[in-house]
Structures are given as structure tokens and as C-alpha cells.
Amino acid sequence: MSRLRITGGTIVDPAANLEQPSDLYVADGIVLAHGEAPDGFSADQVIDATGKLVAPGLVDIAARLREPGSTSKGGIISESQAAAAGGITTLLQPPDTQPITDTPSVVELIHSRCNEAAATRILPVGALTKGLKGEQLSEMAALRDAGCPALADGGRPLHNTLVLQRALDYAATFAIPVMLTPEDPYLAAGGATHEGAIANRLGLAGQSTATETAALGRLIAIAEERGVAIHVGRLSSARGAEMVAAAQQRGLPITADTAIHQLYLTEHDCAGYNSLAHTCPPARTTGDREVLRQLVSTGVIGCLCSDHQPHDPDAKAGTFDACEPGISSLDTFLALTLRLVDEGLLTLKQAFERITSGPAKALGLNVGSLQMGSPADICIIDPKLAWQIKPETMHSRGKNTPFANWELTGAATTTIVDGRVVYRRPSD
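Residues numbered from 1 in each chain as written. Predicted model: local features only at pLDDT ≥ 70, side-chain atom pairs only at ≥ 80, totals over all residues. Heavy atoms only, no water.

### A closer look at the packing of helix H8 (residues 238-249) against helix H9 (residues 286-298)
In helix packing, the relevant descriptors are the interaxial angle and the interaxial distance, both defined with respect to the helix axes.
No. 1: At a minimum axis separation of 8 Å, H8 and H9 run at an interaxial angle of 30°. When the axes of H8 and H9 are compared, the pair comes out roughly parallel. Here Ala238, Ala241 and Glu242 of H8 lie close against H9, whose contacting residues are Gly287, Asp288, Val291, Leu292 and Leu295. (Axes fitted to C-alpha atoms, helices over the stretch in contact; angles between N-to-C directions. Helix = DSSP H or I, 4+ residues; strand = E, 2+ residues; numbered from the N terminus. Parallel < 35°, antiparallel > 145°, perpendicular 65-115°, else oblique. Contact = heavy atoms within 4.5 Å.)

### So, empty space enclosed by the protein
No. 1: Under the definition given, this model contains two cavities of 30 Å³ or more.
No. 2: Of the pockets and cavities examined, the largest cavity occupies roughly 100 Å³.
No. 3: Contributing to the lining of the largest cavity are 16 residues, with Pro94, Ala152, Gly154, Met179 and Arg234 lying nearest its centre.
No. 4: Sorting the residues of the lining of the largest cavity by element identifies strand S9 (88-93) and strand S13 (178-180) as the ones contributing at least two each.
No. 5: Across the lining of the largest cavity, the residue classes break down as nine nonpolar, four polar and three charged.
No. 6: When its volume is computed, the second largest cavity comes out at roughly 50 Å³.
No. 7: In this structure, the second largest cavity is lined by Asp153, Pro157, Leu158, Leu164, Leu180, Thr181, Glu183, Ala215, Arg218 and Leu219. (1 Å grid on protein atoms, 1.4 Å probe; cavity = no way out; pocket = protein on both sides within 12 Å on 5 of 7 lines; lining within 4 Å. Points joined across faces, edges and corners; volume = space filled by probe spheres on them. Nonpolar A, V, L, I, M, F, W, Y, C, P; charged D, E, K, R; others polar.)

### Description of the environment of Ala82
No. 1: Considering the arrangement of structural elements, one finds Ala82 in helix H1 (residues 76-85).
No. 2: Measuring from C-alpha to C-alpha, the distance between Ala82 and Arg397 comes to 8.4 Å, with 315 residues separating the pair along the chain.
No. 3: If we ignore the near neighbours within four places in the chain, the residues touching Ala82 are Leu330, Asp331, His395 and Ser396.

If you want it as C-alpha cells, here you go:
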């Protein structure tokens, strides 16, 4: 492996509580040192980061790549390259692939395709139950040994509470993190947007916030009684986020994330039947958005994710309630997070913590830091680079974004995985 020196940049590493100008040295795929060059160090490559930020590569804990399965929408090669262009060096793919990621053979298939892509590190999340049917537990230890860092319900919450309890108990015996969807499938059925004034005006069936809070009540009760750790994903409501905050205050080992679009969109973005704003869970009220923002700021919600869901044009055509939910988000994840800094919601270190060391810590991943000895996963960012979101220039195969024509500032110029440059912005 090459020996790199990254010079002239400002290192921002929340895990080390570091934000200062410093050179960075990399050898054999790991971070070797900051500041002064180690004795005898000779760089094979020098990267000039003058005026730029040098941060740990982003850790995205929820991004669907559509492979194996719906390759007309995306694919491991195309989406991992899009992730690299967005500064993402580690990406977790939920298990709702086709076939479901519930056997080591599917994990091996994904790893094989990742090796072909030679871009972002992709970690397949294993299914909590066989076929994600919520009936029989998956072979959890085998999935862990095959390379799954966590288990999840894949957006298909378990109906049977006893099966859920047994799954959490079993996962805990192997110390495997579990990612759960806070959604009551019965309350969610048929709802395409938030239940409220906009849904009524559009004549659409809505999802109430009880869809999330009822499910959270069940999850928190089991976690508290059994003493098991859980991670709840894609919070959307103020009340749901407040329930997580209260559980954390009681000392329960519960972590949470929200999708980056939930900090910007509201039910009003669905006006005019805008299918590009159709998400699951739905964007809710302005009040919900503001509480989510506040609890991201305080760290109750310690992780942000892209919730990347690329679609082909046909999937977003037709009526609002018939189109498929989801946003293509890899291209915009970093810049929308940095916008929170510009708006004064987060400090620079806090912003990077939510997308690097925060998710890594929540799921026990050995990434998200530039401390000596860490994997050399690095994102070099021009924080002043202004650009406009245009679907036709997005790196992802999916062009489905409600943020088209937004003016953003900040972009990755170089992305490094395990000491290997996997992306360089054309002008750099």
C-alpha cells in the first residue's frame, strides 16, 4: 500500500476531540500520525489539502443499493461509487435485498460485488428473522461470522412481540447490535403521508405519529425488561424522539438515528402530490422537524443517515399514494449535514460526529476516526465549494430527489478508503 501525506488541511476528528490545522500521515492502510512526520517516513503520494477539511470518512448506517435485487434502480458498483463521491467510506446496507440477506451465501455475494466495485466499504446488515417474515430467527452467529456487523428487521417490523423478544435475547448472547424500525405496521397500512391538514387537503390516507410512538413503546418496554441494547432507525416525530430521550435518561442502552431529509422536509413538501417527497416514514409537521433538529443537536439522536433509496423514473410516476417511497440521498448527504452548521444548529465537530464516530459507536464499528492506528478512511472536503443539485449530474443511478435546484456549499474533493484513493473530484 502507498504511504500518503495529506498536508495543509484542518483535521476535524470528533472521536479525538480534534479540530486544528495539521498534516496527516498514512501507511499500510492505517493512520500513522498527525503533525510531525514519523522518523524515516517517506511519502509515495502527497495530497495538498490547503483550505480544506480533513475528516474521517462518513459512516452511513442505512443505504439501499438495490443489489442483489432491483438493479434497474441501482447497484453495488454504481451506488458505492456515488457514496465515495459523497465522502462516504463505510456504508451499511439493510437486509431487504432480493434474496433477503439471511444466509452467509448472500453476504458472500454482496462482498464479491463490493470487491469488484473497489470503492466504498459496504457492510451488509443481516436479517433478524428468516426471510424477514418475523416468524423464525435467522442464523445470527453465522451471519455475524460471514461479516454482518448488525442485524435488522429491514423496515419490516416484527408483528409477533414474543418473536421480537426472543430475537433480541438471542442477538444479545452474541453481542450483535440490532437495528429496529419504530413502526406499527397496522397503523401504517395504506398511509402515504403524515396524517394532518395536508393529507386531508390532498385526499390521501395518512400515517399518524402513533404509528411510530406505539411501536417505540413496545420496543422500549422489551429493551428495558430484558436489559438489551437496541438502535431505532429513521425517527420522524417529536413525540417519538422525546420517548427515546426519556428512555436514555433512565439509563437504557438505546441509540437512534434520523434520515437527513427529516431535518429539512415537512408535510408541506408533499403539496401538489410531489412524489419526490414521498418517504417512509413520512415527513411530518414543522414542529416535529424542529424537535428532531433540537435532539440531533443535543445528541439524543446521535446519528444521521442518508436513508438512500434510488428509484427509476417509473417508480415515482403515477399517483402519490401508488408511487414508491424514498429519496436518492448519497449525493446530498454530506452537504445537507454541513448546511446544519451554516444554520447554527451544530458545530462542525458535532456535525461530523453525527455522521462518523456517532454511528460507528452506536453499532460497534472500528471506523469513523482519524486516531493513530485507525483505518485510513478519510474524506477531504472543500467547505466553501458552492454547487447546485441537478438530478442529471448526480452520481447515483437514482435521480429521485426533492432537493433539485437547491444551492449547497461543501463537497468531498478526495475520498480515501483503507489508505487507497477511491475518489477524486475532477477539478482536484
